Amino acid sequence: MISSCRQTVNKQFILTLSIGVTAGFMVAYVLLTPEAIRRIDFHTSSEMANLAGPTMDPGEHGIEEEFHQMEDREVANKMYNKVRILCWIMTGPSNHEKRARHVKNTWGKRCNIILFMSSKEDDTLPAIALPVGEGRNNLWGKTKEAFKYIYHHYRDKADWFLKADDDTYVILENLRFMLLPHQPSEAVYFGCKFKPYVKQGYMSGGAGYVLSQEALRRFVEVGLTNSTRCSKKNSGAEDVEMGKCMEAVNVVAGDSRDSMGRGRFFPFVPEHHLIPGHVNKDFWYWQYIYYQSEEGMNCCSDNAVSFHYVSPNQMYVLEYLIYHLRPYGISFHVEMPQELQDAIVGIQNKNSTR
Ligand SMILES: *[C@@H]1O[C@H](CO)[C@@H](O)[C@H](O)[C@H]1NC(C)=O
């Protein structure tokens, strides 16, 4: 009696166990389809819409420690004053807390001026309320209003004007280094160049793009005043409309690659570019990119400027990897670039004639 009872229990137990194991495998199989695995590497804004960022403030990484004291920031500091960059971040009321705040806490600190463009004011960021609606159908309208606002209030306060999304991560020092040989008076803009729709190409919106002072002037004064040059609608693909408009006012779509031909602006997260075969060869990106570019570890410039679809958590990860983690015993020395030497030579000449 006892033994048969135990047998029944054992049978039930094994049955339950095997159902559980089978169900477990089935759930895992459904969740881990290639599609689900790819989700970790985002390709559209809607995939990122419900991502939760840090709920507690990650705080600051102290730079008082010995290791950071050994850093020489002279070139970066000089570039900060010589190549002044105003960053404006495309955001919206539902993303002030979720995303914009984390841009401000991380890479946004290194812009000479940072502005958050929204449709609702927010003193904590602070965000500017532009007279446009929210949503994808207003992105082009919002971009025009943002650049108009900047032209009217800030055109002399910076040399270059960067548009980035609230899920773009930007390495400002590398952007300044790329722009250093160029003048703000050149009619040029830089970003991740795409091939279709516009003859000279256009810059991906998500990877961010940067306009010279002259490009900004032409955009607002020559472009926005004439609807044949720049579309009057609020809708349309923001980056394509911008590209058409820039071409119409003779602003050159610049080449942002480094001396080795490697890209600097990227429309996806580093993982997407570094790991070959992350997406198949018929993925739209390969038809869109203007310059041949490699997949794998050789994809990206050592002076990369931007990555897109960076989750709020990843902003802090990149911040740590780029600005704090260092392999002990390897130091890095840069020559003072020629463009930054002029001021020093000027002072020396003055001294030697004394
Ligand atoms: C508007 O731009 C078009 C194309 O550049 C040009 O042909 C036209 O003369 C311009 N109109 C005005 C009023 O400036």
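Residues numbered from 1 in each chain as written. Predicted model: local features only at pLDDT ≥ 70, side-chain atom pairs only at ≥ 80, totals over all residues. Heavy atoms only, no water.

The name given to the chain in an unreviewed UniProt entry is Glycoprotein-N-acetylgalactosamine 3-beta-galactosyltransferase 1, with the source organism recorded as Cryptolaemus montrouzieri. On record in UniProt, under Subunit (unreviewed entry), the comment for the chain is "Homodimer; disulfide-linked." (UniProt positions renumbered as here; feature names shortened; annotations may be inferred.)

Asks: Describe the site of the ligand, and please don't skip the residues or the numbers.
Replies: Looking at the ligand, the residues that line it are Asn226, Thr228 and Arg229. Here an oxygen atom of the ligand and a side-chain polar atom of Arg229 are 3.2 Å apart. Relative to its free-state accessible area of 360 Å², the ligand is covered by the protein chains to the extent of 32%. (Near = heavy atom within 4 Å. Polar contact = N/O pair within 3.5 Å; in protein donor to acceptor, adjacent residues only side chain to side chain. Areas by Shrake-Rupley, 256 points an atom, 1.4 Å probe, with all protein chains shown as cover.)

Asks: Could you give an account of helix α9 (residues 213–223), naming the residues involved and the relevant values?
Replies: When α9 is considered as a whole, its buried residues turn out to be Glu214, Ala215, Leu216, Phe219, Val220 and Gly223. In this structure, the buried side of α9 is in contact with α7 (139–154), β4 (160–165), β6 (188–191), β9 (209–212) and α10 (238–248). (Buried < 20%, exposed > 50% of the residue type's maximum accessible area, 1.4 Å probe, protein only. Helix = DSSP H or I, 4+ residues; strand = E, 2+ residues; numbered from the N terminus. Contact = heavy atoms within 4.5 Å.)

Asks: Any details on the packing of helix α5 (residues 74–82) against helix α8 (residues 172–179)? Residues and values, ideally.
Replies: Two packed helices can be described by the angle between their axes and the distance between those axes. Direction vectors running N to C along α5 and α8 enclose 65°, while the axes themselves pass 10 Å from each other. The angle between α5 and α8 places the two elements in the roughly perpendicular class. Considering how the two elements wind past one another, α5 and α8 form a crossing that is left-handed. Residues Ala76, Met79 and Tyr80 of α5 lie in contact with α8, whose contacting residues are Glu173, Arg176 and Phe177. (Axes fitted to C-alpha atoms, helices over the stretch in contact; angles between N-to-C directions. Parallel < 35°, antiparallel > 145°, perpendicular 65-115°, else oblique. Left-handed = near helix turned anticlockwise from the far one by under 90°.)

Asks: Which residues make up the packing of α7 against α10, and what values go with them?
Replies: Here α7 crosses α10 at 50°, and the two axes come no closer than 8 Å. Classified by the interaxial angle, the pair formed by α7 and α10 is oblique. The chirality of how α7 crosses α10 is right-handed. Contacts from Leu139, Trp140, Thr143 and Phe147 in α7 reach Glu238, Glu241, Met242 and Cys245 in α10. For the contact of α7 with α10, a count of residues per class yields five nonpolar, one polar and two charged. (Nonpolar A, V, L, I, M, F, W, Y, C, P; charged D, E, K, R; others polar.)

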